[in-house]
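# Coordinate analysis (summary)
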Amino acid sequence: MSKVLLEIQGLRKQYGSLEVLKGVDCTMREGEVISIIGSSGSGKTTMLRCINMLEEFHGGSIRLAGEEIGYEQSGSVRRRKSEKEIARQRAMTGMAFQQFNLFPHMTALQNVMLGLVKIKKMSRDEARAVGETWLDRVGL
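Residues numbered from 1 in each chain as written. Predicted model: local features only at pLDDT ≥ 70, side-chain atom pairs only at ≥ 80, totals over all residues. Heavy atoms only, no water.

## Here we look at the pattern of salt bridges
Where charged atoms of side chains with opposite charge meet at close range, the side chains can pair. Taken as a whole and judged by the stated rule, the model has nine salt bridges. Among the ionic pairs, glutamate 19 bridges to arginine 12, the shortest N-O distance being 2.7 Å. As a salt-bridge pair, glutamate 55 and arginine 49 come within 3.3 Å of each other at their nearest N and O atoms. Accessibility expressed as a relative area gives 16% for glutamate 55, which makes it buried. What emerges from the salt-bridge pattern is a single network uniting Lys13, Arg49 and Glu55. (Salt bridge = Lys/Arg side-chain N within 4 Å of Asp/Glu carboxyl O. Buried < 20%, exposed > 50% of the residue type's maximum accessible area, 1.4 Å probe, protein only.)

## Describing the environment of threonine 45
Examined against the element boundaries, threonine 45 turns out to sit in helix α1 (residues 44–51). Once the C-alpha coordinates of threonine 45 and methionine 113 are considered, the two residues, 68 residues apart in sequence, prove to be 25 Å apart. (Helix = DSSP H or I, 4+ residues; strand = E, 2+ residues; numbered from the N terminus.)

## Some thoughts on the packing of aromatic side chains
For the structure on display, the rule yields one aromatic pair. Where phenylalanine 57 meets tyrosine 71, the ring centres are 4.9 Å apart and the plane angle is 85°; that geometry is what we call edge-to-face. Residue phenylalanine 57 is found in the loop between α1 and β3 (59–64), and its partner tyrosine 71 is found in strand β5 (residues 71–74); the two are separated by 14 residues along the sequence. Its relative accessible area of 6% is what places tyrosine 71 among the buried residues. (Phe/Tyr/Trp six-rings, centres within 6.5 Å; stacked < 30°, edge-to-face > 60°.)

As structure tokens, this is what we get:
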């Protein structure tokens, strides 16, 4: 069986009294591609934003490659990790939005390379090689 990359257990999120994520469970293994589908307002983007800690969640857990995302649990006390630690964890994920935007003054390759160089701290040559591989994979 392949390695678990993402595991969400009992994820809960609310805005005031409105509970928008009600105990979501999801497991994604290495080599899998998953789609999150649902009607507008069903919580798809909110769940993704919780994975990246762009939204705080109120219950449950998210583990990325076995590492707890966003919070530390000590007995019954749950506390948010430091912003530096959360930033490190965010660098392990990426999101593609429904209405994404590219920088119009840059080529497709330059747009792909940007995050690799700025966030992942790759050399430009290494980022170019990765970017070319990714663009080739999708026929660009």
